[in-house]
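Analysis of the macromolecular model
Residues per chain, in single letters:
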Amino acid sequence: MLKYQRTLTNCSARLPTEEPAFCFDLQLFAGEKTEEATPKRKQDARKKGQVPKSIELNSALIILAAFYFLSFNGQSMIHDMQNLMRYMFTEFGRTAFNVDDLHSLVLFLIIVFLKIVIPLMLTIMLCGLLVSYLQVGFMFNPGLLMPDFSRVNPLSGFSRIFFSKTALVNLAKSLFKVFVIGYFIYTFLEKQVYILPYMIGADVHESGLFFSDLLIALGYRVGGVLLVIAVFDYYYQWYSHREKIKMSKQEVKDEFKQTEGHPLIKSKIRAKQREMAMRRMMQEVPKADVVITNPTHFAVALKYEEGMPAPQVVAKGKDFIALKIKELAAEHRVVTVENRALARALYQTVDIGAYIPFELYQAVAEVLAYVFKLKRRLA
């Protein structure tokens, strides 16, 4: 019976008497992207233009918006085109043609063209911008406009076009769209075939209205089919983007070190900050009026000057730091008073640089009164 052995570092490590074993080096899976992307990774991907966006959703909603616009303004557009054709084939042919007439004709054609096309183009443009904004929000990155010469390589481009997963998915999606849309167009037109012979004897206006209604109904159907496909495509784009920006455990650790700093460096910075804070605190001890001790475990230095709202804690410490405070106070002849309960209360409730609370006013006032009285007697 073969024995299976798992190891993190050395798969060959086994006892000499053991049979050969299958070893699984778990370090091989360290680079596997199994972790969800961090906010920083998502932000970096967005800066590079990597966002989940479905072009199919844009196409479907643009088609629906265009045909919705035509269903309400199609009559006026047809009327303008009829006026243009009537002018071209009747009134324009009866007048003498000169340079002024050419200018008038060109101006008239431009006005009619703008009147017919511009509203439709604006509707399509606004719909496209709105759908894109709803998908990805506002995103402006001039760096994406710079040429990427790595994409010019024909070998990598060939493999990207014909052998990549994205290319295969796009091919399958395009074939599916052609099949589904073709089927819906066929079933729709099959029901309208019997009406076409009656259009032979109809006038141009009736034929135009019929075919315009037919085209709009067909457009709504195609747009609806594309919208259903676009919903699934958007979910696929979102899922594909999430999988693409996933991170390995090592990448998460490296990013944390880059953003938060290396733990060793952070500990050194904190130690340096504590050292500087300690030095500043010790510089305030000679300025204190009294040091209240436990007498061995706690030491709190207080200062009170005229104009202060209350006595202020300028330094405090425990054990070794308390010993240093007492030594510094003795060196600079600062009065030391032993009061176990008050020293412990001040150490636990008042921060360095803060004023004592109201509850300790009486106890501290008695100590300061004794200190000031002692100073006057020595003076």
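The paragraphs below set out a description of the structure included in this document.

Reading the values: rules and limits
- Residues numbered from 1 in each chain as written.
- Predicted model: local features only at pLDDT ≥ 70, side-chain atom pairs only at ≥ 80, totals over all residues.
- Heavy atoms only, no water.
- Helix = DSSP H or I, 4+ residues; strand = E, 2+ residues; numbered from the N terminus.
- Contact = heavy atoms within 4.5 Å.
- Buried < 20%, exposed > 50% of the residue type's maximum accessible area, 1.4 Å probe, protein only.
- Patch = residues over 30% accessible without salt bridge, like charges linked within 9 Å, V, L, I, M, F, W, Y side chains within 5 Å.
- Areas by Shrake-Rupley, 256 points an atom, 1.4 Å probe, with all protein chains shown as cover.
- Salt bridge = Lys/Arg side-chain N within 4 Å of Asp/Glu carboxyl O.
- Pairing = 2+ DSSP bridges.
- Axes fitted to C-alpha atoms, helices over the stretch in contact; angles between N-to-C directions.
- Core = buried A, V, L, I, M, F, W, Y, C linked by side-chain atoms within 4.5 Å.
- Polar contact = N/O pair within 3.5 Å; in protein donor to acceptor, adjacent residues only side chain to side chain.
- Phe/Tyr/Trp six-rings, centres within 6.5 Å; stacked < 30°, edge-to-face > 60°.
- Lys NZ or Arg CZ within 6 Å of the ring centre and 35° of its normal.

Turning our eyes to something else, we now look at the environment of Leu64. Considering the arrangement of structural elements, one finds Leu64 in helix α2 (residues 55-94). Considering only alpha carbons, one finds Leu64 and Tyr220, 156 residues apart in sequence, at a separation of 6.1 Å. Ignoring sequence-local partners within four residues, the contact set of Leu64 consists of Tyr220, Gly223, Gly224 and Leu227.

As a further point, take the side chain of Asp289. Tracing the chain through its elements places Asp289 in the loop between α8 (263-284) and β3 (290-293). Assessed through its relative accessible area of 12%, Asp289 is described here as buried. Each residue touching Asp289, except ones within four places of it in the same chain, is listed here: Leu302, Lys303, Tyr304, Val334, Val335, Val371, Phe372 and Lys375.

In this structure, Asp319 takes a positive phi of about 55° despite not being glycine. Relative to the helices and strands, Asp319 is located in the loop between β5 (312-318) and α9 (320-331). Among the residues examined, Asp319 registers a relative accessible area of 38% and is labelled partly exposed. In this model, Arg333 sits at a positive phi of 60°, which is unusual for a non-glycine residue. Its place among the elements puts Arg333 in the loop between α9 and β6 (335-338). Residue classification places Arg333 among the exposed positions, given a relative accessible area of 79%.

Together, Leu102, Val106, Ile110, Phe113, Leu114, Ile118, Leu122, Met125, Leu126 and Leu129 line one region of the surface with nonpolar side chains, adding up to about 900 Å² of accessible area. You can see Leu122 is positioned in helix α3 (residues 99-136). Residue classification places Leu122 among the partly exposed positions, given a relative accessible area of 43%.

This part covers the sheet that holds strand β4 (residues 298-303). Judged by pairing direction, the sheet is mixed, and its four strands sit side by side in the order β5-β4-β3-β6 without closing on themselves. Bordering the open sheet on either side are β5 and β6, each of which pairs with just one other strand. On average, each strand axis in the sheet is inclined to that of its neighbour by 20°, with strand direction left out of account. Inspection of the sheet shows β3 paired to β6 by four bridges, in the parallel sense. Among the inter-strand pairings, Val291 is bridged to a residue of β6, identified as Thr336. Packing of helix α11 (residues 361-378) onto the sheet brings it into contact with β3, β4 and β6, and relative to β6 it is tilted by some 140°.

Before going further, it helps to spend a moment on the nonpolar core. Ranked by size, the top nonpolar core spans 19 residues in total, and within it Val290, Ile292, Leu302, Leu346 and Val364 carry the most contacts. Secondary structure elements with two or more residues in this core: β3, β4, β6, α10 (340-349) and α11.

Another aspect to go through is the side chain of Asn58. Within the secondary structure, Asn58 is located in helix α2. At 2.9 Å, the side chain of Asn58 and the side chain of Ser132 are in polar contact. Non-local contacts of Asn58, meaning those with residues more than four positions away in its chain, are made with Lys53, Gly128, Val131, Ser132 and Gln135.

To continue, consider the pattern of salt bridges. If charged atoms from side chains of opposite charge come close, those side chains can pair. Overall, the coordinates contain seven salt bridges when judged by the stated rule. With its nearest N and O atoms 2.8 Å apart, the salt bridge here joins Lys177 to Glu56. A residue pair is termed long-range when its members are at least 10 positions apart, and Lys177 in helix α5 (residues 165-190) and Glu56 in helix α2 qualify at 121 residues. Comparing Lys177 with Glu56 shows no difference in burial state: the two are buried. Salt-bridge contacts for Arg340 lead to Glu338; the nearest nitrogen and oxygen are separated by 3.7 Å. The structure contains a network of salt bridges with shared partners spanning Glu36, Arg242, Glu243 and Lys246.

Another aspect to go through is the environment of Leu109. Here Leu109 shows up in helix α3. Under the relative-accessibility criterion, Leu109 is labelled partly exposed at 34%. Distance from Leu109 to Leu84, taken between C-alpha atoms, is 7.9 Å for residues 25 residues apart in sequence.

Across all of its chains, the model carries five aromatic pairs by this definition. Measuring from centroid to centroid gives 6.1 Å for Tyr235 and Trp238, while their planes differ by 35°, and the two rings are tilted. Of this pair, Tyr235 and Trp238 both sit in helix α6 (residues 204-244), separated by three residues, roughly a single helical turn. Of the residues examined, Tyr235 reaches a relative accessible area of 54% and is grouped as exposed. Residue Trp238 is classed as partly exposed on the basis of its relative accessible area, which comes to 37%. Look at Phe298 and Tyr347: their rings are 4.9 Å apart centre to centre, the planes differ by 55°, and that puts the pair in the tilted class. Here the residue Phe298 occupies a position in strand β4, and Tyr347 occupies one in helix α10, the gap between them amounting to 49 residues. Owing to a relative accessible area of 4%, Phe298 belongs among the buried residues under this scheme. When the ring centre of Tyr347 is taken as origin, the NZ or CZ atom of Lys316, which lies over that ring, is 5.1 Å away.

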